[in-house]
Every structure is written in structure tokens, then in C-alpha cells.
Amino acid sequence: MTTKTSKEVRLGATGPTVRRIGLGAMGMSGMYGAADDAESTATIHAALDSGVNLIDTGDFYGAGHNEMLIGRAITERPREDVVLSVKFGALRGPGGTWGGVDNRPEALRNFLGYSLQRLGVDYVDIYRPARLDPNVPIEDTVGAIAELIEAGYVRHIGLSEVGVETIRRAAAVHPISDLQIEYSLISRGIEAEILPVCRELGIGITAYGVLSRGLLSDSIRPGTTFEANDFRAHSPRFQGENLDRNLELVRALGEIASRRDVSVAQLAIAWALTRGDDIVPVIGARKRTRWSETASALDISLTAGELSAIESAVPAERVAGERYATAQMAMLDSER
Ligand SMILES: NC(=O)c1ccc[n+]([C@@H]2O[C@H](COP(=O)([O-])OP(=O)(O)OC[C@H]3O[C@@H](n4cnc5c(N)ncnc54)[C@H](OP(=O)(O)O)[C@@H]3O)[C@@H](O)[C@H]2O)c1
């Protein structure tokens, strides 16, 4: 038996229809070191030309840079060809400092006003708080986005990195299209409780970190170091011995990938696509070459035997290091 991937799905019971893979634009604004705007723009165009419509951003990616880049890239495209997913709430200072989270209704109305200007659009498709604000009940945040839907500025409400209690409370206020959360061969935490609750409530999953920030690919070598402003310079899974141990798992995956004549990244994406039609991987890329490799994963079918070989190659207990550094883990409602 082999798995067959549908090319389009509805996000949750009430969300927009999207291609089975989305483009994550975060890396285009410095999160993984320097990026080139012209190549980033060409990557967005390549993704849209290949039929991908979901583009994920955050107003805090490059403190507005990411939204302006996307806004310029889609200016000539019919608005309905793009599903814009925008996160808000994370506060930035000059020089890229991080300053906590603000999900108050008056703050998010302000954030959205600026996002619409930067993106050059009059509505966003999915609007979501990037993290739970411990000082603001989720009901207030979701209720305020629901008012923006009424006013025509937003189409759907999404969530990000929240746990089951918050998901239930949010969904009681307004239908939720999708939860954006890390999910990959080496980050399977959602399978125990979060995924079943989302399925019960008709909430889709937009999975990020499917390549574990590039770790699940052929591109990271033992001893690879990163620029200080690259997320991976501080990510536990990319440090010293942890990296060495994790690369052993990647090597085991590489053997399976080469038997199928695909790359490790393609195998990791193809695996995620088999986890359910309600899971849409949002893959980060800032170069066309990367994107074309990513997009080809849609055509890979895996047999039951290959799936079990893949899962045995990367047992969860052998993954070294948490998915975020300690201070960032503490901000994840999904990890409580
Ligand atoms: N809600 C949240 O809390 C949250 C958190 C993080 C990210 N996100 C969203 O999810 C998106 C995806 O997540 P992500 O970018 O962190 O993780 P990811 O997709 O696991 O990894 C992206 C990294 O993988 C590399 N890559 C992509 N294709 C590759 C290939 N074929 N071979 C080798 N390397 C490859 C990229 O390299 P290049 O950069 O060189 O192309 C990039 O460094 C983000 O862009 C963002 O929109 C959401």
C-alpha cells in the first residue's frame, strides 16, 4: 500500500482552501542569517506559480520587512490567488530586540492596521496571535479578531503554539481555521493531545519546523556554525554534541532517502504529508532551488514499509535537545 497526497485541502472545517504545502517566509527576513530580497521575491513568485497559495508571515519578522517584501511580491497577483496567514503580538525594538507579547484587543487592532498597509491589501486571510499572552484572556483576543472579521478586515482566525485548554476556550468564542505548531519527524509532541483535540473541533494544522529548521536535510554538517543572529546559533538541537547526535539520525534518514533517490528534506516533508489531510506543512525557503526541491515532495508516495523504516530511523527518545532554548520554551502554552 502507498499513500497518495491530495493536492488541495480545506484548512479545518471552516478555513480557506489551500495547496497541501505552504510557503513560510520567515527566513526571508533574517531569522536564518542574511537573505537576498530579489531571490526571496523570486521564491515567492515560484511558489505562487507552482500553485501554492498559503504564505505565512508575522508582523514581527524583520519588524515589518517580511510583510513589505510579500506585499511587493504579490502586488501584480489577483488577491484571491494568495492566502495570507499573519501572526501578531510579538514585540520588537530597534536593533531587533524582543520585548514580550501583547495580544490586547486595542493592540491587535493597531497591529492589523499596520499589517494591511505593509502588505498592500484590504484584508488578511488568517490572523493569529503568535504566542499566548499570559495577561490577556484568549477569549478577549479571539473576540477582537472576530469583530475584525465582521468589519471585513480578516477572513479566518488561527492560533499558534497553544495547548488544549486554550484551543477549546478559543474555539468556544469563534471557529478556528488552524493551529500553527511545530511538527516533524523529530518534534511529535502534538500527537498525544493537541492533534486529537484539533480533530475533534475541526481545526486544521499548519505544521512548521517540518525540516527542524534545516536540520532534517542534507545541508547541515558536524561542526556547522551559524551567524549570531541566526535562530540556530541558540537552538539546543544545533549545539555541539546535540548536533552530532541529531546528525546521526539524519544520516539514517539519508540512507532511506538515497534508496528512493530523493533528498532528506523531501523525505521529511513527504512523511509529514502522510500524517493526515488536515496537516499542511508550511516549509521555510528563501531560494528558488530550495523551493523546487520542497514542492517536489508532493509527488512522493511512501509505502507502509518505508514509513515504518523512516520512523525507526528517528526514534523520538534519541533526539537531542529541546526545540527551543529554555526562555522561549517557557513562552509556549503548547508545552504546559
Ligand atoms: N508559529 C510559530 O511559532 C512559528 C515558528 C517558526 C516558524 N513559523 C513559520 O513556519 C515557517 C517554516 O518554519 P521554519 O522556516 O522555521 O522551518 P523549516 O521549514 O523546518 O526549515 C527552514 C530551513 O530549512 C532550510 N531548507 C528548506 N528547504 C530545504 C531543502 N530542500 N534542503 C535543505 N534545507 C532546506 C531553509 O533553508 P534556506 O533558508 O536556506 O532556504 C531553512 O533554513 C516559517 O517560515 C514561518 O513562517 C512559525
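Criteria and cut-off values
- Residues numbered from 1 in each chain as written.
- Predicted model: local features only at pLDDT ≥ 70, side-chain atom pairs only at ≥ 80, totals over all residues.
- Heavy atoms only, no water.
- 1 Å grid on protein atoms, 1.4 Å probe; cavity = no way out; pocket = protein on both sides within 12 Å on 5 of 7 lines; lining within 4 Å.
- Points joined across faces, edges and corners; volume = space filled by probe spheres on them.
- Helix = DSSP H or I, 4+ residues; strand = E, 2+ residues; numbered from the N terminus.
- Nonpolar A, V, L, I, M, F, W, Y, C, P; charged D, E, K, R; others polar.
- Phe/Tyr/Trp six-rings, centres within 6.5 Å; stacked < 30°, edge-to-face > 60°.
- Buried < 20%, exposed > 50% of the residue type's maximum accessible area, 1.4 Å probe, protein only.
- Lys NZ or Arg CZ within 6 Å of the ring centre and 35° of its normal.
- UniProt positions renumbered as here; feature names shortened; annotations may be inferred.
- Arc of directions from axis to C-beta.
- Contact = heavy atoms within 4.5 Å.
- Axes fitted to C-alpha atoms, helices over the stretch in contact; angles between N-to-C directions.
- Parallel < 35°, antiparallel > 145°, perpendicular 65-115°, else oblique.
- Left-handed = near helix turned anticlockwise from the far one by under 90°.

In the annotation of an unreviewed UniProt entry, the entry for the protein reads Aldo/keto reductase, and the organism field reads Nocardia amamiensis.

Trainee: Before we go on, may I ask you to explain the layout of surface pockets in this structure?
Mentor: Empty space among the atoms can be located by rolling a probe the size of a water molecule over them. The volume enclosed by the second largest pocket comes to roughly 450 Å³. Looking at the second largest pocket, it is lined by 25 residues, and the ones nearest its centre are G189, I190, I194, S334 and E335. Mapped by element, the contributors of at least two residues to the lining of the second largest pocket are α5 (164-173) and β10 (176-182). Sorting elements by how many residues they give to the lining of the second largest pocket places α5 first, with four residues. Split into classes, the residues belonging to the lining of the second largest pocket amount to nine nonpolar, six polar and ten charged.

Trainee: What is the right way to read the packing of aromatic side chains from this model?
Mentor: Each aromatic ring pair is summarised here by two numbers: the centre-to-centre distance and the angle between the ring planes. Taken as a whole and judged by the stated rule, the model has seven aromatic pairs. With centroids separated by 6.0 Å and ring planes inclined at 65°, the aromatic side chains of F60 and W98 adopt a geometry described as edge-to-face. Here F60, found in the loop between β4 (54-58) and α2 (65-74), pairs with W98, found in strand β7 (residues 98-101); they are 38 residues apart in sequence, far enough to count as distant. Taking relative accessible area as the criterion, W98 reaches 48% and is therefore assigned partly exposed. Aromatic side chains F231 and Y324 sit 5.6 Å apart centroid to centroid with 90° between the ring planes, which places their arrangement in the edge-to-face category. One end of the pair, F231, is in the loop between β11 (204-208) and α7 (240-260); the other, Y324, is in the loop between α10 (304-313) and α11 (326-329), and 93 residues separate them in sequence. This pair shows no difference in class: F231 is buried, exactly as Y324 is. In this structure an aromatic cluster arises from ring pairing among F60, Y61 and W98. One cation-aromatic arrangement involves R92 over W98; the distance from NZ or CZ to the ring centre is 3.6 Å. Across the ring face of F231, the terminal group of R213 is positioned such that the distance to the ring centre comes to 4.0 Å.

Trainee: What am I meant to see in the UniProt feature "domain: NADP-dependent oxidoreductase" (unreviewed entry) in the protein here?
Mentor: Residues annotated by UniProt as "domain: NADP-dependent oxidoreductase" (unreviewed entry) correspond here to residues 20-313. Along residues 20-313 one finds 40% helix and 18% strand; the C-alpha atoms at either end are 25 Å apart.

Trainee: Mind showing me how you'd approach helix α6 (residues 194-201) here?
Mentor: An α-helix turns once per 3.6 residues; consequently, residues spaced three or four apart project the same way. Burial in α6 covers these residues: I194, L195, V197 and C198. Viewed along the axis of α6, the buried residues span an arc of 165°, placing them on a single side of the element. The elements touched by buried residues of α6 are α5, β10, β11 and β12 (279-284). Just downstream of α6, G202 is the residue with a positive phi angle, here 70°.

Trainee: Before we go on, may I ask you to explain the packing of helix α3 (residues 105-119) against helix α4 (residues 138-150) in this structure?
Mentor: Pairs of packed helices are described in terms of their axes, by the angle between the two and the distance that separates them. Relative orientation of the contacting elements α3 and α4 amounts to 40°, with a least axis distance of 9 Å. It follows that α3 is oblique to α4 by the angle criterion. In the crossing of α3 with α4, the sense of the turn from one axis to the other is right-handed. Here P105, L108, R109 and L112 of α3 come into contact with α4, specifically with D140, T141, A144, I145, E147 and L148. Class assignment of the residues belonging to the contact of α3 with α4 gives a composition of six nonpolar, one polar and three charged.

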